[in-house]
Amino acid sequence: MKILFLGDVMGRAGRAAVTGTLPRLRSEWRLDFVVVNGENATSGAGLSAAHARALLEAGADVLTLGDHAFDQRDMLQFISGEPRVLRPLNYAKSAPGQGARLFDAPGGRKVLVAQALGQVFMKRPFDDPFSALDAALRSYPRGGLAQAVIVDIHAEATSEKMATGHFCDGRASLVVGTHTHVPTADAMILPRGTAYLSDAGMCGDYDSVIGMQKDEPLRRFVTGMPKERFTPAADAATLSGVYVETDDRTGAATRVAPVRVGGRLQPAGP
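Described in the following lines is the structure provided in the data block.

Of the voids in this model, the largest pocket is the one considered here, and its volume is about 890 Å³. What lines the largest pocket is a set of 28 residues, and nearest its centre among them are H68, K123, I210, M212 and F230. Here the lining of the largest pocket is composed, by residue class, of 12 nonpolar, eight polar and eight charged.

Given below as structure tokens:
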């Protein structure tokens, strides 16, 4: 199976990069399944129902969220009726929606997508991501009920993301980190066939401070004092993520490559 995962969509620039580029990539790369982390797609804070629809219409099979899952209030209702949008498994127990789900792929194949939030350095405490993921992976074993298994670990600490990769090795096809908006250079296939990348980066304008216009973040770092609200940077956006090929029989990854299309970063891809 040919799978594309795109990192955090950041504001209008990120949305434009996805909606303008993903349809072509689906066709040219003959993609079977696409997952997009959309949790910053609406003004850099959360995902609205309208923007979720736009990303799905552009070719995303599944949208994952994160710690800003419900910053846009209409997502509370939208996610209950849209199974293609996932919030983290270990979010508040009363939160609507699901954190893991089995999806259809071409040829009668099935793909499990799951997301969990890390605990280290996050602003609020969340439940244990490892036990939450363990339950989901046990329910839908790779190479059994699921021909591919994708885990989005939305976390701050690279050590926690790496630990998640090793925890899922042999049970997931891909473990990919999101949240920090900076693409890492450690794409690899772990010993038991799980593709891993610490962070997929963001789909957004990289002439920024992790997607925000530079002036206000710089002011706060230099002076320690806020003056204005953060505003997403809106110039040329880079589409950033990871491409994976898997074996349908075992669900193991056979190839992994970082993806960067357009914008400011050096291009990369399969």
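Further remarks concern the pattern of salt bridges. The tally for this structure, following the rule as stated, stands at 16 salt bridges. With a shortest N-O distance of 3.0 Å, E82 and R84 are connected by a salt bridge. Its relative accessible area of 12% is what places E82 among the buried residues. Where K161 meets D199, a salt bridge forms, and the shortest distance between an N and an O atom there is 2.7 Å. Highlighted residues: K161 in helix 5 (residues 158-168) and D199 in the loop between strand 11 (195-197) and strand 12 (202-203), separated in sequence by 38 residues. In terms of burial, K161 and D199 fall into one category: buried. When salt bridges that share partners are traced, they join D205, D207, K214 and R264 into one network.

Looking at the secondary structure, you find K110 in strand 7 (residues 109-117). Its relative accessible area of 29% is what places K110 among the partly exposed residues. In the structure, K110 is positioned 38 residues away from A148 in sequence and 6.8 Å away in space, judged by C-alpha atoms. The residues touching K110, leaving out its near neighbours within four places in the chain, are L102, F103, D104, L145, A146, Q147 and A148.

Once that is clear, we can look at the packing of aromatic side chains. Evaluated as defined, the whole model comprises five aromatic pairs. With a centroid separation of 6.1 Å and an interplanar angle of 75°, the aromatic rings of W29 and Y243 are classed as edge-to-face. Of the two residues, W29 is situated in the loop between helix 1 (11-28) and strand 3 (33-37) and Y243 in strand 13 (residues 239-246); the sequence distance between them amounts to 214 residues. Y243 matches W29 in its accessibility class, with the two residues each being buried. Ring geometry for F130 and F167: centres 5.3 Å apart, planes at 85°, overall edge-to-face. Taken together, the residues F130 in helix 4 (residues 129-139) and F167 in helix 5 connect sequence positions 37 residues apart.

Let us look at the side chain of S173. Along the polypeptide, S173 turns up in the loop between helix 5 and strand 9 (174-178). Take S173: its relative accessible area is 1%, and that puts it in the buried class. For S173, the residues in contact, after removing those within four places along its chain, are R142, Q147, A148, V149, G193, T194, A195, V244, T246, G251 and A253.

We now examine the sheet that holds strand 10 (residues 188-189). Reading across the sheet, the six strands line up as 6-7-8-9-11-10 and stay open at both edges, with mixed pairing between neighbours. The outermost strands of the open sheet, each flanked by one partner alone, are strand 6 (100-105) and strand 10. Note: strand 7 against strand 8 (residues 148-154), seven bridges, orientation parallel. Of the residues in strand 8, the one forming a bridge with L112 is V149. Strands in contact with helix 4 are strand 6, strand 7 and strand 8; relative to strand 7, the strand with the most contacts, it is inclined by about 170°. Of the strands in this sheet, strand 8, strand 9 and strand 11 are in contact with helix 5, which crosses strand 9 at around 165°.

Here is what the cut-offs are and how they apply
- Residues numbered from 1 in each chain as written.
- Predicted model: local features only at pLDDT ≥ 70, side-chain atom pairs only at ≥ 80, totals over all residues.
- Heavy atoms only, no water.
- 1 Å grid on protein atoms, 1.4 Å probe; cavity = no way out; pocket = protein on both sides within 12 Å on 5 of 7 lines; lining within 4 Å.
- Points joined across faces, edges and corners; volume = space filled by probe spheres on them.
- Nonpolar A, V, L, I, M, F, W, Y, C, P; charged D, E, K, R; others polar.
- Salt bridge = Lys/Arg side-chain N within 4 Å of Asp/Glu carboxyl O.
- Buried < 20%, exposed > 50% of the residue type's maximum accessible area, 1.4 Å probe, protein only.
- Helix = DSSP H or I, 4+ residues; strand = E, 2+ residues; numbered from the N terminus.
- Contact = heavy atoms within 4.5 Å.
- Phe/Tyr/Trp six-rings, centres within 6.5 Å; stacked < 30°, edge-to-face > 60°.
- Pairing = 2+ DSSP bridges.
- Axes fitted to C-alpha atoms, helices over the stretch in contact; angles between N-to-C directions.

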